[in-house]
Amino acid sequence: MGIIKDRKGFRVIEYLLTFLVIISLNFALPRMMPGDPFLHYSGEVDEVVAFYSREQIQYFREYYGLDRPLLEQYTTYLKELARGDLGFSYYYKDNVNSIILRRLPWTMFLVISAMALSIALGIILGSYSAWRRNKWQDNTLYTVLIVFSEIPAFLVGLALLIWLGAGLGLFPLAGAVTHFARYDSVWEKMLDILHHAALPILTLTLARTGGIYLLVRNSLGTVLTKDYMRTARAKGLKEFRIRYLHALRNALMPLFTRIAIQLGALIGGAILAENVFSYPGIGVLMRSAVVVRDYPLIQGIFLVLAIGVMAANMLADLAYKYIDPRTRPAASSNQDTIKLEVKMQKGET
Amino acid sequence: MSKLFQKTTVLLAVVVLMFAFVLGGCGTVKQEEANGPDSGQQETPAEPVVVRMEGGDWGFPQPYTRYSRGPGNARVNYIFDKLIEQDEKGFIPWLAEKWDVLEDGTKYIFHLKQGVIWHDGVPFTGNDVVFTFGYTKEYPSVGSPDVFLDDTYMLEVKALSDYQVQFTLAEADANFFEILSSVYILPQHIWAEIDRPDEFTSSEAVIGTGPFILTDYNKEHGTYRYEAFGDFWGPKPAVDVMEFIPVSDSVLALEKGDIHIADIPVDVLPRFKNDPNYTVMEKPGFWGYRLRFNMEKVPEFKTREERQAFAYAIDRQDLVDKTARGAAIAGSLGVLPPDHRWFNPDLPKYERDVEKAKTLLAQAGLVNKKLQYELLVGEGREVRIGELIKEQLSDIGIDIKVVSTDMKTRDGRIAQGNYQLVLVGLGGWARDPNYLGVRFTGGDRGSWADGTPGYFNAEVEELAESLRTEQDEDTRKELTMKLQQVLAEDVPEISLYLTTGQVVFRNDVYDGWMHVFDHHETTHNILSFLKR
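Residues numbered from 1 in each chain as written. Chains lettered and ligands numbered in written order. Predicted model: local features only at pLDDT ≥ 70, side-chain atom pairs only at ≥ 80, totals over all residues.

1. A short note on the overall build of chain B
Along its length, chain B carries 15 helices and 19 strands. Viewed in the frame of its principal axes, chain B has a C-alpha envelope of about 80 × 75 × 50 Å. Burial analysis of chain B (532 residues in total) assigns 47% to the buried set. (Helix = DSSP H or I, 4+ residues; strand = E, 2+ residues; numbered from the N terminus. Buried ≥ 20, exposed ≤ 12 C-beta atoms within 10 Å, placed from the backbone.)

Structure, rendered in structure tokens:
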């Protein structure tokens, strides 16, 4: 019991250390990039930019505290962070907390919906393919999904935009809501949001389903050849039980690992949809924060992402225990029994 | 089975929760009374003119919170007035209806419009003007010129009466009107108490004297909505409502009617040209690419013949055709663009001539020398321009290595003088030709950002200085013509091309669009939205 507690304590220290390293890197990396938040002599095509003189740059650096020694800036950053204050954006002229909080939900909404849909689709199609291995259904599905997963997401997005949005007029071309509209009910507003999110979600879903499908198909294919499948059949279990409880559950382990690892990359993927559909979100914001060297905003966004990834890792750690009994810690009442079980299972495998 | 079900339920719950969050967040959007074009509920005798344009977030529209890009400035310009404005030909009276120039251009008395009120009904007076210039000195805004940090430039601004304001400058400066035209007059009764202007985003922060009132702004969606101000002192607004909304593809959005005006690429132009509901308008070339020599880093660039050889070897029209799909105009070696009001058309043209370029290199004694330079460029189109220049210069034996970085890195290297050749794209080419002095004179007058390190030409210095202090417009025009002549012969930099293209609008919705003399965007000036 004491060992477990210590291990938990160690885990907490490990997470805290990781966190400290992350916030320090967040502070250091933007400042190590070449260029300066207030220094610019050029613009994007057709873009007129307000250029600053040496004196103006000096003024703004002083105003935002960038003229102070780095160590002082770092301690100020840590103090503000401890208060939950992510700072004030030089370019966006707003509190970083508020900028992120207003955009993050949109990205999360897209990403989580697309992830849920692609997981569901991937599992359904992947397992169907695995049951029908090498039959025409499997071959067709395999070809179609491979093709989809190989097309860059932004192209899929553009095609959907032109076909379903502009051509058939079924969906709006841009944005997340009907602007300046007045809704009569929450349902109407919800429908409007779903209507606007449909194409971006569809794009992201199409881009991700292929990978999940392949993983499920292969993993299930391997599981189906295992001895315990034959045992289950021999026991006369119902087909449904065999397929979903014995086969699929074991086949989903690698999928779960993959999703946990990829959580960070999901936000990156959202940039594509946000760009193509001009959807408000944190992906595009992250890109432009780097482009304009907006240090507080870069720090803020990366911090939120880092926390997100760490939380996902923790959740994955926890969730494994439910999916895979081998990683489950011993409960206090029947600790020894479970330990024994775990040992036995490990021995079996 | 039940666990799988549990997990699905949890996942679903998370999605629903996020959706609820989004709904909640969205609830902060201020919902306007339905007076859009489709609602038909507006109780005005005539159908209101509602113009929708491409949006995107350019900041809360007051001078301290807008972003440092052109559209950010335009969003402020609809609400706030300046002492002077621009039209097709030049600066025009605005809040100042006339002015007297005294003491050789060091003193100006501006006579202000009477009967002007702020959007909250308080009368506008000269005290607001005096306050604004003092406040801008204390708190430089996003776009205020650097002279506000220079105590020796503007010696005094004082109100002679409620409607007369006197400015005293240390010395005459032809740039003074450009400086005036960048300062939005703020209401003293609101701003006097504000000591963090970049955090001031309440509804009071957008009270101006301008023709439009901000009725809705959403940062994350990038939307703005403006309504005409009924008591505006000047020309009546021709547009009742302006809406800026995010757009994924401007061509599709224009076709679908989501927006009413857009820049259209040349290849899809035929889709609009033959439709009577659309009007195509040419855009002037006021945004362009410069190829700059660093003569400090590469002393042989000080040889005029080598620079001329560059000019003869680089085919500017080819760059236009291949990198801008024809939607640009080749630059002039006199630097002022062909669409500038004071452009000198009688300059050496520098048509591509490889033999002549080789002869010039021989004259410079550079024939047997290995000429190898690094050309610093940004991303995207700039890389293509760089590669074409490399190819063209290889014909005269010059070996170019194209180095691409992101914009900020490139700009940082310019500031450090850490480049040999650099390509930059920027706007503002139609401004007062004083910028020629900024680019090509040394010492304190030259700008570290725009200047040409190591370049010195006594004639350019002299002409630029006269241009800076001369008051008479005709003399200034003459000086500008002469300066272009000198520059075209000396080639201190090469103006590659200026982007043009077409803007297409729905004439059945609104057709009052115009270009002011110094800007290439029709939607950025205020006169496009007023009856004149």
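Having seen the structure, we can now continue with the description.
2. So, the pairing of strand β11 (residues 261–264) of chain B
Residue and element names in this part refer to chain B. Every second residue of β11 is oriented toward a common face, with I261 and D263 on one face and A262 and I264 on the other, all of them buried. Taken together, the 4 bridges between β11 and strand β19 (residues 502–506) define a ladder with antiparallel strand orientation. Within β19, the position partnered with I261 by the bridge is F505. (Pairing = 2+ DSSP bridges.)

3. A closer look at the domain arrangement of chain B
Residues and elements named next belong to chain B. Segmentation of chain B into domains returns domain 1 (1–52 + 213–279 + 501–532), domain 2 (80–209) and domain 3 (287–499). Each partner contributes to the interface: domain 1 provides 13 residues, whereas domain 2 provides 13 residues. Grouping the constituent residues of the side of domain 1 that touches domain 2 by class yields 9 nonpolar, 2 polar and 2 charged. (Domains from an automatic or database assignment. Contact = placed C-beta atoms within 7 Å. Nonpolar A, V, L, I, M, F, W, Y, C, P; charged D, E, K, R; others polar.)

4. Considering the sheet that holds strand β8 (residues 212–218) of chain B
All names here are of chain B. Spatial strand order, β1-β10-β9-β8: 4 strands in an open sheet with mixed pairing. Looking at strand neighbours, the two that pair on one side only are β1 (50–54) and β8, the edges of this open sheet. Across the sheet, the mean angle separating the axes of adjacent strands is 15° when strand polarity is ignored. Pairing of β1 with strand β10 (residues 241–245), which is carried by 5 bridges, proceeds in the parallel orientation. What sits directly across from E54, in β10, is I245. (Axes fitted to C-alpha atoms, helices over the stretch in contact; angles between N-to-C directions.)

5. Regarding the sheet that holds strand β5 (residues 107–112) of chain B
Residue and element names in this part refer to chain B. Taken in spatial order, the 4 strands make up an open sheet running β4-β5-β7-β6, and their pairing is antiparallel. At either margin of the open sheet sits one strand with a lone partner, and together these are β4 (96–102) and β6 (154–161). Going across the sheet, the axis of each strand differs from the next one's by a mean of 20°, ignoring polarity. Here 6 bridges tie β6 to strand β7 (residues 164–169), and the two strands are oriented antiparallel to one another. Bridging across to β7, M154 finds its partner in L169. Seen against the sheet, helix α3 (residues 126–138) touches β5, β6 and β7 and runs at an angle of roughly 165° to β6.

6. Re the interface of chain B and chain A
Contact residues are listed per partner, giving 66 residues for chain B and 54 residues for chain A. Secondary structure elements with two or more residues in the side of chain B that touches chain A: α1 (2–26), β9 (223–228), β10, α6 (250–256), α12 (407–416) and β17 (421–426) of chain B. Sort the elements by how many residues they give to the side of chain B that touches chain A and α1(B) lands first, with 11 residues. Looking at side-chain class alone, the side of chain B that touches chain A contains 29 nonpolar, 19 polar and 18 charged residues.

7. Describing the nonpolar core
Counting 197 residues, the largest nonpolar core has A:L110, A:I301, B:M242 and B:Y497 as the members making the most contacts within it. The dominant element in this core, judged by the number of residues it contributes, is helix α4 (residues 96–131) of chain A, at 15 residues. Contact partners of B:Y497, with chain neighbours within four places excluded, come to B:G288, B:Y289, B:R316, B:L319, B:V320, B:A324, B:A328, B:I329, B:A330 and B:G331. (Core = buried A, V, L, I, M, F, W, Y, C linked by C-beta atoms within 7 Å.)

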